[in-house]
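Here are the chains, one letter per residue:
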Amino acid sequence: MIDHIEIRTRGKGLHEITGMVQSVVGASGAEEGLCTIMMQHTSAGLTIQENADPSARHDLEGWLDRHVPEGDPHFTHVHEGPDDMPSHIKAALTATTLSIPIVRGALALGTWQGIYLWEHRSRGSTRRCVVHIGA
Amino acid sequence: MIDHIEIRTRGKGLHEITGMVQSVVGASGAEEGLCTIMMQHTSAGLTIQENADPSARHDLEGWLDRHVPEGDPHFTHVHEGPDDMPSHIKAALTATTLSIPIVRGALALGTWQGIYLWEHRSRGSTRRCVVHIGA
Amino acid sequence: MIDHIEIRTRGKGLHEITGMVQSVVGASGAEEGLCTIMMQHTSAGLTIQENADPSARHDLEGWLDRHVPEGDPHFTHVHEGPDDMPSHIKAALTATTLSIPIVRGALALGTWQGIYLWEHRSRGSTRRCVVHIGA
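Anyway, here's the lowdown on the structure attached to this text. Residue indices follow the written sequence of each chain, beginning from 1 at its first position. Chains carry letters from A onward and ligands carry numbers from 1 onward, assigned in written order. This being a predicted model, a pLDDT of at least 70 is required before a residue's local features are given, and a value of 80 or more before pairs of side-chain atoms are given or counted; all residues contribute to the totals for chains, interfaces and linings. Each side-chain value is derived from all of the structure's non-hydrogen atoms; neither hydrogens nor water enter the calculation.

### Remarks on empty space enclosed by the protein
Moving on, step 1. Here a cavity denotes grid points, spaced 1 Å and computed from the protein atoms alone, that fit a 1.4 Å probe unable to get out, and a pocket denotes an open set having protein on both sides within 12 Å along at least 5 of 7 lines; residues with an atom within 4 Å of a point are the lining. Grid points are joined across faces, edges and corners, and a volume is the space filled by probe spheres set on the points. Applying the stated criterion to the full structure yields 3 cavities of 30 Å³ or more.
Moving on, step 2. Each pocket or cavity is described by its volume, and for the largest cavity that value is around 400 Å³.
Moving on, step 3. Think of it as three bins: nonpolar holds Ala, Val, Leu, Ile, Met, Phe, Trp, Tyr, Cys and Pro, charged holds Asp, Glu, Lys and Arg, and polar takes everything else, Gly as well. In terms of residue class, the lining of the largest cavity is made up of 20 nonpolar, 15 polar and no charged.
Moving on, step 4. By volume, the second largest cavity amounts to about 80 Å³.
Moving on, step 5. Lining the second largest cavity are Trp 63, His 67 and Leu 93 of chain A, Trp 63, His 67 and Leu 93 of chain B together with Trp 63, Leu 64, His 67, Val 68 and Leu 93 of chain C.

### Regarding the packing of helix α2 (residues 54-67) of chain A against helix α3 (residues 84-93) of chain B
Moving on, step 1. All axes here are fitted lines through C-alpha atoms, helices being fitted over the stretch that makes contact, and every angle between N-to-C directions spans 0 to 180 degrees. Secondary structure follows DSSP: runs of H or I at least 4 residues long count as helices, runs of E at least 2 residues long count as strands, and numbering of each begins at the N terminus. Their axes nearest at 10 Å, the elements α2 of chain A and α3 of chain B cross at an angle of 60°. The orientation of α2 of chain A with respect to α3 of chain B, classified from their angle, is oblique. Here α2 of chain A and α3 of chain B pass one another in a crossing that is right-handed. In contact with Ala 56, Asp 59, Leu 60 and Trp 63 of chain A of α2 of chain A, α3 of chain B contributes Met 85, His 88, Ile 89, Ala 92 and Leu 93 of chain B.
Moving on, step 2. Of the residues contributing to the contact of α2 of chain A with α3 of chain B, the split by class is 7 nonpolar, 1 polar and 1 charged. Here is the rule for angles: anything less than 35 degrees is roughly parallel, anything more than 145 is roughly antiparallel, 65 through 115 is roughly perpendicular, and the remaining ranges are oblique. Crossings are sorted by hand: turned counterclockwise from the far helix by less than a right angle, the near helix makes the crossing left-handed, and turned clockwise it makes it right-handed. Throughout, a contact is declared for two residues whenever any of their heavy atoms are within 4.5 Å.

### A look at the nonpolar core
When a protein is soluble and globular, its nonpolar side chains tend to lie buried together.
Moving on, step 1. Residues enter a nonpolar core if they are buried and are Ala, Val, Leu, Ile, Met, Phe, Trp, Tyr or Cys, with the set joined through side-chain atoms within 4.5 Å. In this scheme, a residue with accessible area under 20% of its type's maximum is buried, one over 50% is exposed, and one in between is partly exposed, where area comes from a 1.4 Å probe on protein chains only. Counting 39 residues, the largest nonpolar core has Ile 89 and Leu 93 of chain A, Ile 89 and Leu 93 of chain B together with Ile 89 and Leu 93 of chain C as its most contacted members.
Moving on, step 2. Beyond its immediate chain neighbours, meaning those up to four positions away, Ile 89 of chain A contacts Val 68 and Phe 75 of chain A together with Asp 59, Leu 60 and Trp 63 of chain C.
Moving on, step 3. Core analysis: the next-biggest nonpolar cluster, separate from the first, contains 28 residues, Ile 7, Ile 17, Met 39 and Ile 100 of chain B among them.

### Examining the relation of the copies chain C and chain B
Moving on, step 1. The copies were overlaid by least squares, fitting only the C-alpha atoms of residues that reach a pLDDT of 70 or more in each copy. After a rotation of 120° and a shift along the axis of 0.0 Å, chain C superposes on chain B with an RMSD of 0.0 Å. The symmetry that links the two subunits is that of a three-fold axis. Identified as the residue of chain C closest to the rotation axis by C-alpha distance is Leu 93 of chain C, at 3.4 Å.
Moving on, step 2. A share of only 11% of the interface residues of chain C reappears at the interface of chain B, consistent with the copies meeting through non-equivalent patches.

### Structural notes on the relation of the copies chain C and chain A
Moving on, step 1. Mapping chain C onto chain A calls for a screw motion: a turn of 120° about the axis and a shift of 0.0 Å along it, with 0.0 Å RMSD after fitting.
Moving on, step 2. Taken as a fraction of all interface residues of chain C, those also at the interface in chain A reach only 9%, which identifies the copy contact as different-surface.

### What about helix α1 (residues 18-28) of chain A?
Residue and element names in this part refer to chain A.
Moving on, step 1. When we look at burial in α1, the residues that qualify are Thr 18, Val 21, Val 24 and Val 25. Looking straight down α1, one finds that the buried residues subtend no more than 130° of arc, so they occupy a single side.
Moving on, step 2. Gly 29 sits one or two positions beyond α1 and adopts a positive phi of about 75°. Working note: the arc is built from the helix axis to C-beta atom directions.

### Thoughts on helix α2 (residues 54-67) of chain C
Moving on, step 1. Here the expected span of a helix is defined as 1.5 Å times the quantity of residues minus one. The terminal C-alpha atoms of α2 of chain C, which comprises 14 residues, lie 20 Å apart, in line with the 20 Å expected from a rise of 1.5 Å per residue.
Moving on, step 2. Residues Ser 55, Ala 56, Arg 57, Asp 59, Leu 60, Glu 61, Gly 62, Trp 63 and Leu 64 of chain C constitute the buried set of α2 of chain C.

### Points about the pattern of salt bridges
All names here are of chain C.
Moving on, step 1. By salt bridge we mean one thing: a side-chain nitrogen of Lys or Arg within 4 Å of a carboxyl oxygen of Asp or Glu. Going through the model one piece at a time under the given rule, you end up with 27 salt bridges over all chains.
Moving on, step 2. Its salt-bridge partner being Asp 65, residue Lys 12 comes within 3.2 Å of it at the nearest N-O pair. Residue Lys 12 is found in the loop between β1 (2-8) and β2 (13-16), and its partner Asp 65 is found in helix α2; the two are separated by 53 residues along the sequence.
Moving on, step 3. Here Lys 12 falls in the partly exposed class, since its relative accessible area comes to 29%.

### Thoughts on the interface of chain C and chain B
How big an interface is tends to be expressed through the accessible area that disappears when the partners come together.
Moving on, step 1. Across the boundary between the two partners, chain C contributes 27 residues, which contact 31 residues of chain B.
Moving on, step 2. Between chain C and chain B, a total of about 2,300 Å² is buried, with carbon and sulfur atoms accounting for 60% of that surface.
Moving on, step 3. Taken together, the links from chain C to chain B amount to 1 salt bridge.
Moving on, step 4. Here Asp 72 of chain C makes a salt bridge to Arg 66 of chain B, at a shortest N to O gap of 3.3 Å.
Moving on, step 5. Here a polar contact means two N or O atoms within 3.5 Å. Within protein one must be a hydrogen donor candidate and the other an acceptor candidate, and residues neighboring in sequence count only if both atoms are side-chain atoms. Where chain C touches chain B, the interface holds 14 residue pairs in polar contact (both at pLDDT 80 or more). Buried area: the accessible surface (1.4 Å probe) lost by two parts on joining, summed over both.

### Considerations on the sheet that holds strand β1 (residues 2-8) of chain B
The pairing of strands in a sheet comes from backbone hydrogen bonds and takes either a parallel or an antiparallel form.
Residue and element names in this part refer to chain B.
Moving on, step 1. Within the open sheet, the 5 strands sit side by side as β1-β8-β3-β5-β6. Their pairing is antiparallel. The strands lining the two open edges of the sheet, one partner per strand, are β1 and β6 (106-107).
Moving on, step 2. Contacts from helix α1 (residues 18-28) reach β1, β3 (33-39), β5 (97-103), β6 and β8 (126-134) within the one sheet, and its direction differs from that of β1 by about 160°. DSSP bridges decide pairing: two strands pair if at least two such bridges lie between them.

### Topic: the environment of Asn 51 of chain B
Residues and elements named next belong to chain B.
Moving on, step 1. Structurally, Asn 51 is set in the loop between β4 (44-50) and α2 (54-67).
Moving on, step 2. Accessibility expressed as a relative area gives 28% for Asn 51, which makes it partly exposed.
Moving on, step 3. Residues Asn 51 and Thr 111 lie 60 residues apart in sequence; the distance between their C-alpha atoms is 8.7 Å.
Moving on, step 4. Discounting residues that sit within four places of it in the chain, Asn 51 has contacts with Glu 16, Arg 57, Thr 111, Trp 112, Gln 113, Gly 114 and Tyr 116.
Moving on, step 5. Polar side-chain contacts of Asn 51 include one of 3.2 Å to the backbone oxygen of Gln 113.

### Considering the interface of chain C and chain A
Moving on, step 1. The interface of chain C with chain A comprises 32 residues on the first partner and 27 residues on the second.
Moving on, step 2. Each partner contributes to the roughly 2,300 Å² buried at the junction of chain C and chain A, and carbon and sulfur atoms together form 60% of this total.
Moving on, step 3. Our count for the contact surface shared by chain C and chain A stands at 1 salt bridge.
Moving on, step 4. Mapped by element, the contributors of at least two residues to the side of chain C that touches chain A are β3 (33-39), β4 (44-50), α2, β5 (97-103) and β7 (113-119) of chain C.
Moving on, step 5. No other element matches α2 of chain C, which puts 9 residues into the side of chain C that touches chain A.
Moving on, step 6. Grouping the constituent residues of the side of chain C that touches chain A by class yields 17 nonpolar, 10 polar and 5 charged.

And the structure:
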């Protein structure tokens, strides 16, 4: 079964999509199987991260921003703005696809795990992910 | 088919789990298919790495430790200890899920590839992975 | 269904394999499903990146080369040459497996997405990926 989820982001950062993905799993009726999510953009990514304390996501975003900074004088791919090239590098360093087992109709995440869409563009955008549910 | 593997780590570093994952594949009876492994924690990860010379894993661990050091003054998520925030960043930079084809009843790894659980907490922990075997 | 693709690389960089992977999908006859690609080497990786402007791939390669440089005095795994240890670290920081949904017989990639084999050794090599097509 294939479905899509669409999220309007309004800036850089981690947007939780666990509930949206679980809704697709629920609608599929799958009791056991595998849920695969793929980001259809190269300037945003996916990650499974701690869903409890927001300071962890804040520090994660900060670390990546400091290590892949805008304005790196080595960048030549700059015509779409200073946040464009960092967004591609950040996407390459994190995940574009995630596959999560389904157990008893639910995503088999750990207690403190959430699924996040990681927006890397300053203005955000409408982001589309494909979700596949297999046996 | 869904199963779990549990590993008691005793500190940072790469712990090989190839044999444990292959045992799950063997028990499933699958001759051809796809084996997906998901780490149920956000302070440890998964990686496929060279299984021959341990110096490669030592240098890999060292590089990541130097680039995501404990005590970074930017970190605010520090109440669980200095190794906590680095562990989440390290997990985000590596894999949380891996999908490996099964050929003739075995994981279709390359000659020098092993599957590793990558512990990022100093004291280690009991780590749980979900394993899904699909057709 | 399982197949393989083999690519002869001649040096570091991103080699597009979207067409080769789509050929495997086409030959499988799958209209809907999941295509998983696994790199069988630990000194090369896989990534989904922008397929339009080559400057993005150039800057991506440059960033990774500067952050995981040859000749790092901390490296002990050096007997296969100065590009060996960086190649394992680069592979760990990017993807070894990718799972891409199939919709209407085609890889459900976004408009600007291409699948790339990322060679990290200076001389290149013959690289082999396993491709699994599931329902």
